[in-house]
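Geometric and topological summary
Given next are the chains, with one letter for each unit.
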Amino acid sequence: MIYLKTDEEIELMRESNLLVARAHGEVAKAIKPGVSTLELDRIAETFIRDNGGTPAFLNYQGFPNTLCTSVNEHVVHGIPNAKPLQEGDVVSVDCGVLLNGFYGDSAYTFEIGEVDPEIHNLLQATKESLYKGIEQAVENNRLGDIGHAVQSYTENLGYSVVREMVGHGIGKNLHESPEVPNYGRRGNGVKLKSGMVIAIEPMINLGRRQILQEKDGWTIRTADKKVSAHFEHTIAVRKGKADILSSFKFVEEVLTLQSEK
Ligand code: MG
Ligand code: MG
């Protein structure tokens, strides 16, 4: 069952996703070598609650924190911990919020200090692939068009696409139908309708696509222990052009200011 959202509901979802985007901006201000993912988690949780939201991942199926923080070879669902981040690390910060009855969900992979150019390029390509997917998220296209766009863009660059973990519908539930794979064939799958709200979230690996789960029961990592990147937006399908409800604006403002220092 795919729930189509009314225009009013989409505006509420824009608010939820704006809070996610602003929480990411707070994380961006703090993230640097020596800071732990647990400290980032505290910052995000406090900010979300101070702004009237509820952290969406905390206690979700028993997940213990507000953020999923996935460092280097960790793909998604990493649990924040007290270990300081190091120069050269990359960390996917995935954040979800419940506000006014609707969920927001977005992820950004941060570079910690100076990062190997090969890894920097992976992050850039993964972010770009997200926008390639979003370009296809328009009325009367199909889900396969989104997956195909992400897959063809990243595989042409020599990267691989995680198959087992996918994007998802989102609304009054954090995860709704349909599943949104980051691979697929053009013209295949569910037809997209205006009012569908989905989270598109490519998980792209530097090496091979295979993944496995760590013993903590949550963290997904690459089998070959090479780096993985993850970017996510919540978007509303529209005629002609998707409406991106989440935003990297606050993160990118902070990163730009820091690079000018
Ligand atoms: Mg997410
Ligand atoms: Mg998601």
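Now for a quick tour of the structure. (Residues numbered from 1 in each chain as written. Chains lettered and ligands numbered in written order. Predicted model: local features only at pLDDT ≥ 70, side-chain atom pairs only at ≥ 80, totals over all residues. Heavy atoms only, no water.)

With that settled, the discussion passes to the state of the cysteines. The final tally for this structure, using the stated rule, is zero disulfides. Free of any disulfide, Cys68 has its nearest cysteine sulfur in Cys95, 9.4 Å distant. By relative accessible area, Cys68 is classed as buried at 7%. With a relative accessible area of 1%, Cys95 lands in the buried category. (Disulfide = S-S within 2.5 Å. Buried < 20%, exposed > 50% of the residue type's maximum accessible area, 1.4 Å probe, protein only.)

Each donor-metal-donor angle in an ideal tetrahedron of four donors is 109.5 degrees, and each such angle in an ideal octahedron of six donors is either 90 or 180 degrees. Distances from the magnesium ion (ligand 2) to its protein donors, namely Asp105 (OD), His168 (NE2), Glu201 (OE) and Glu232 (OE), fall within the range 2.1 to 2.3 Å. Ordering the donors of the magnesium ion (ligand 2) by residue number gives the pattern D-x62-H-x32-E-x30-E. Between the two metal centres, the magnesium ion (ligand 2) and the magnesium ion (ligand 1), the spacing is 3.1 Å, with Asp105 acting as a shared donor. Taken as a pair, Glu201 in the loop between β9 (197-200) and β10 (203-205) and Glu232 in the loop between β13 (228-230) and β14 (233-236) lie far apart in primary sequence, 31 residues in all. Across the pair, exposure class does not vary: Glu201 and Glu232 are buried alike. (Donors = N, O, S within 2.8 Å, 3.2 Å for Na, K, Ca; no water. Helix = DSSP H or I, 4+ residues; strand = E, 2+ residues; numbered from the N terminus.)

On to the sheet that holds strand β7 (residues 167-169). Strand order in the open sheet made by the five strands is β8-β7-β9-β14-β15, with antiparallel pairing throughout. The sheet is open, and its two borders are formed by β8 (176-180) and β15 (243-244), each paired with just one other strand. Two elements, β14 and β15, share two bridges in a ladder whose sense is antiparallel. The residue of β15 that forms the bridge with Ile235 is Ile244. (Pairing = 2+ DSSP bridges.)

Counting residues in hydrophobic clusters, the biggest one holds 52 residues, and the most contacted among them are Val27, Ile31, Leu40, Phe110, Ile146, Ile200 and Ile235. Breaking this core down by element, the ones donating at least two residues are α1 (7-30), α2 (37-50), β4 (90-99), β5 (102-111), α3 (117-135), α4 (143-156), β9 and α5 (249-260). In this view, Ile200 contacts Leu130, Gly133, Ile134, Ala137, Ile146, Val180, Phe231, Glu232, His233 and Ile235; residues no more than four positions away in its chain are not counted. (Core = buried A, V, L, I, M, F, W, Y, C linked by side-chain atoms within 4.5 Å. Contact = heavy atoms within 4.5 Å.)

This part takes up the pattern of salt bridges. Per the stated rule, a full pass over the model turns up 11 salt bridges. Linking Lys5 and Glu176 is a salt bridge whose minimum nitrogen-to-oxygen distance equals 2.8 Å. Residue Lys5 is found in the segment before α1, and its partner Glu176 is found in strand β8; the two are separated by 171 residues along the sequence. By relative accessible area, Glu176 is classed as buried at 9%. Here Arg14 and Asp243 are joined by a salt bridge, their closest N and O atoms 2.8 Å apart. Remark: Asp243 occurs in strand β15 and Arg14 occurs in helix α1; sequence separation between them is 229 residues. Classification of Arg14 as partly exposed rests on a relative accessible area of 26%. (Salt bridge = Lys/Arg side-chain N within 4 Å of Asp/Glu carboxyl O.)

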